[in-house]
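# Geometric and topological summary
Take a look at the letters that make up each chain.
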Amino acid sequence: MVFIVKRKSGQKTYHYLAQAFRKNGVPAQKIIKPLGTAEDILAAYSATEEAAAESIPTPDSAQLFQFGEVAALLDIARRLEIAEIIDEQVAPSPEGLSVGSAVVLATINLASQLDDPAVTPSDLDEWFRETFLLSAFPEANQQSLASPNFWNQLAALDQASITIIEDKLAKRIVENYGLSPYFLLFNTSKFINYIYPDNIISIDSQNNQVVSFVDIGLFLLLNTDYDIPLFHEIYYNSRSNSSNINDIILKLKHRFPNNNDDCQIFLLLPKYDDYSDFIEILENDWSGQAGFVGELSLELGSEFLALEKGNYRRLAGEVFGETSAFRTRLKIAERDLTIIIIDDPKLRERGLKRLKTNILKAKRALDELRNNLTLNPIADFIEGETKLTSPEVGKIVQKILLAKGLKKIFKYEITAINDDITLNYSLDNDNYDYFVNNYLGKSIFFTNLDNWTDEQVVARSRAQSRLVNLVSRTKKTKFLTLSPASSSPDKTFRARVLRWVLALSLRGLLQLEMARLGHKMSAEALLAELSQVRQVRFIYPASPTKPGKAVSALTKASAAAKAYIAAYDLKKYLV
């Protein structure tokens, strides 16, 4: 055992480093080294500190790069070998980035910024240079990333090669991640639009073509736990019908890589639409492996809306909060189906807030209309003005009351006396209370999946809602922009759709991996936390005895970001 002892000599106290030992079984100690007075020790320590400080050079400069979310997405892409799978299907690029690497870069760019309406393909080079990716893709240069060169390179991806790429990736994802057996057929009938050559509706006297836009629909087959798409198919709405949709659904079914009997694929039916065609397709062609979930108009299920709360059962699981459900049977589309009525207090709270806002807007509009009707006789003396008729006033009122619930809770009366029209309205308090208590926060689902629990139906329907919102936000970006002057989609259209689908896959897989590490959060929250982790690169100058060097470190990270970086060794990308 080593320790310090003090011994006084004259007016000064000296310190010594001593060691304890036993001599002939008796404890003893010996001096190892004299340390001097306290002043001597302090002076020696300060000199050592100064020498150490002098030996550490000051960096000339420091560079800051995006790291956390970009490294996480890149790592998943590399583990799945996305670039290699793509490059197997296309001719090698003569120089610069391969098509596979180009798609991976574009996908990471979109996946990390999917919720940013400012992201555009032309920003790719600028974004690339703000990340650490230059070290991961040394073959990339300004020319290879410049638009349109970059996007034209992706024209090599036709539908046949994209199908093969998705099939291989889907198989790898299912095998590597052991996804749950629940998959959703998601359909958005107005994903994007363009001018179709057969869609010329008239030619004027100047021989100019008058055209209209055609909607392109999109089908996705995706895992519902983390919104991970496996395949996509697009179709043109101007030519779509039930048989066309049937062909697409069957095509997706045959591409599905999992033959597990426990696997359930289901389609969320178009809201308040004619369900018969879709139901018939699933019943005839999917032979029990697939089912459907549809949302019923509240009016069609109004008999269940006034049920006492005691009839409802609280859904199990923290994710559902205070949401409760009531289960029964009802005949829909000539079939006896399971009906699940959902009561969501949070949804009711948001609905009530919107309702109050809409009531105030409606009152202001009705007051303005009523005041204008009072002044209406003046119209006789104003050139070009005519009096409104009672039916015209009625149409205006109906338009004002279009927002959900307003027609139920507003009462109005239009009277005409000697060509003078008056409008009176009031809020029906009884109808207001009934609507708030029985309609707000309620949803009614029907399904043929009788073995599914209420929780499964609600969870899968929410997956659809998330995707609808995501598609809506994505369409505000410019990454799928098509030239209105063209008579067909640009050559990279299908590659851009593939990029969007792959971006969803990377986000979903990242969310899944983080959840398995014990951190459950939305993809948006997860990417936000990871984006706070930056790479700092310090550039040190050369000295007479040492060459110059660069040293990289990461900025402070949250607990979730630290766990992910450690689990997947993302520091390997630091250079």
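Scroll up to find the structure.
Quick notes on the rules
Residues numbered from 1 in each chain as written. Predicted model: local features only at pLDDT ≥ 70, side-chain atom pairs only at ≥ 80, totals over all residues. Heavy atoms only, no water. Helix = DSSP H or I, 4+ residues; strand = E, 2+ residues; numbered from the N terminus. Contact = heavy atoms within 4.5 Å. Areas by Shrake-Rupley, 256 points an atom, 1.4 Å probe, with all protein chains shown as cover. Buried < 20%, exposed > 50% of the residue type's maximum accessible area, 1.4 Å probe, protein only. Polar contact = N/O pair within 3.5 Å; in protein donor to acceptor, adjacent residues only side chain to side chain. Salt bridge = Lys/Arg side-chain N within 4 Å of Asp/Glu carboxyl O. Axes fitted to C-alpha atoms, helices over the stretch in contact; angles between N-to-C directions. Left-handed = near helix turned anticlockwise from the far one by under 90°. Nonpolar A, V, L, I, M, F, W, Y, C, P; charged D, E, K, R; others polar. Phe/Tyr/Trp six-rings, centres within 6.5 Å; stacked < 30°, edge-to-face > 60°. Patch = residues over 30% accessible without salt bridge, like charges linked within 9 Å, V, L, I, M, F, W, Y side chains within 5 Å. Lys, Arg positive; Asp, Glu negative; His and termini not counted. Charge placed at Lys NZ, Arg CZ, Asp CG, Glu CD. Core = buried A, V, L, I, M, F, W, Y, C linked by side-chain atoms within 4.5 Å. Pairing = 2+ DSSP bridges.

### Some words on the overall build of the chain
- Looking only at helices and strands, the chain has 19 helices and 17 strands in total.
- Counting contacts in the chain only where the partners sit at least 6 residues apart, residues at least 24 apart contribute 65% of the total.
- Surface summary for the chain: the accessible area is close to 30600 Å², and the carbon and sulfur share equals 51%.

### What about the side chain of Glu455?
- By secondary structure assignment, the location of Glu455 is in helix α16 (residues 454–474).
- Looking at Glu455, the relative accessible area reads 14%, which means it is buried.
- Within the structure, the side chain of Glu455 is placed 3.1 Å from the side chain of Arg313, a separation counted as a polar contact.
- Filtering out sequence-adjacent residues up to four positions away, Glu455 remains in contact with Arg313, Leu315, Ala316 and Phe320.

### Focus: the pattern of salt bridges
- If you walk through the whole model with that rule in mind, you get 17 salt bridges.
- Put simply, Arg348 and Asp343 hold a salt bridge, and the shortest N to O gap is 2.4 Å.
- When the shortest N-O distance is used, the salt bridge between Asp367 and Arg370 registers 3.0 Å. Highlighted residues: Asp367 and Arg370, both in helix α12 (residues 345–374), separated by three residues, approximately one helical turn.
- A residue is classified by how much of its surface remains accessible, and Arg370, at 29% relative accessible area, is partly exposed.
- Overlapping salt bridges, with partners in common, bring together Asp75, Arg79, Glu513 and Lys572 in one network.

### Some thoughts on the environment of Ala365
- Tracing the chain through its elements places Ala365 in helix α12.
- Remark: the alpha-carbon pair of Ala365 and Ile396, spanning 31 residues in sequence, is separated by 9.7 Å.

### Quick look at the packing of helix α4 (residues 99–113) against helix α17 (residues 493–516)
- Look at α4 against α17: their axes get within 8 Å of each other, and the N-to-C directions meet at 65°. The two elements α4 and α17 cross, and the hand of that crossing is right-handed. Residues Val103, Ala106, Thr107, Ile108, Asn109, Leu110 and Ala111 of α4 touch α17, and the partners they reach there are Arg499, Trp500, Leu502, Ala503, Leu506 and Arg507.
- Class assignment of the residues belonging to the contact of α4 with α17 gives a composition of nine nonpolar, two polar and two charged.

### Some words on the packing of aromatic side chains
- Inspection of every chain in the model, using the stated rule, returns seven aromatic pairs.
- Ring centres 5.0 Å apart and planes at 50° place the aromatic pair Phe67 and Phe132 in the tilted group. Placement of Phe67 in the loop between β4 (61–66) and α2 (68–80) and of Phe132 in the loop between α5 (124–129) and α6 (133–136) is noted, with a sequence separation of 65 residues between them.
- In this structure Phe132 comes out as buried when scored by relative accessible area, which is 4%.

### Some thoughts on a positive patch on the surface
- On the surface, a cluster of positive charge is contributed by Lys346, Arg350, Arg354 and Lys404.
- Relative to the helices and strands, Arg350 resides in helix α12.
- Arg350 sits in the partly exposed class, given a relative accessible area of 46%.

### Digging into unusual backbone geometry
- One non-glycine residue, Glu81, lies in positive phi territory at about 55°.
- Inspection of the secondary structure assignment puts Glu81 in the loop between α2 and α3 (82–87).

### Considerations on helix α15 (residues 429–438)
- Burial in α15 covers these residues: Tyr432, Phe435, Val436 and Asn438.
- Buried positions along α15 lie against α12, α14 (406–409) and β15 (442–447).
- Capping the start of α15 is the job of one residue whose side-chain oxygen sits 3.1 Å from the backbone nitrogen of Asp430: Asp428.

### Some words on the nonpolar core
- Counting residues in hydrophobic clusters, the biggest one holds 112 residues, and the most contacted among them are Phe132, Leu133, Phe137 and Leu157.
- Broken down by element, the residue count for this core peaks at 15 residues, all from α17.
- Counting 35 residues, the second largest nonpolar core, distinct from the first, contains Leu296, Leu305, Ile421 and Val436.

### Some thoughts on the environment of Arg313
- With respect to the element layout, Arg313 can be found in strand β10 (residues 313–314).
- Distance in space between the C-alpha atoms of Arg313 and Asp343 is 9.7 Å, their sequence separation being 30 residues.
- If sequence neighbours within four positions are ignored, Arg313 has contacts with Ser324, Ala325, Asp454 and Glu455.

### Observations concerning the sheet that holds β4
- If you trace the three strands from one edge of the open sheet to the other, you get β4-β16-β17, paired in antiparallel fashion. Looking at strand neighbours, the two that pair on one side only are β4 and β17 (549–554), the edges of this open sheet. Adjacent strand axes in the sheet meet at a mean angle of 20°, parallel and antiparallel pairs treated alike.
- Sheet analysis places β4 next to strand β16 (residues 534–540), joined by six bridges and oriented antiparallel. In the strand pairing of β16, Ser61 is matched with Ile539.

### Quick word on the pairing of strand β14 (residues 420–427)
- Across eight bridges, the pairing between strand β13 (residues 410–417) and β14 is antiparallel. Residue pairing for β14: Tyr412 is matched across the bridge by Tyr425.
- Hairpin remark: β13 followed by β14, antiparallel, with two residues in the connecting loop; positive phi at Asn418, about 50°.

These values are about where atoms sit, not about what they do.
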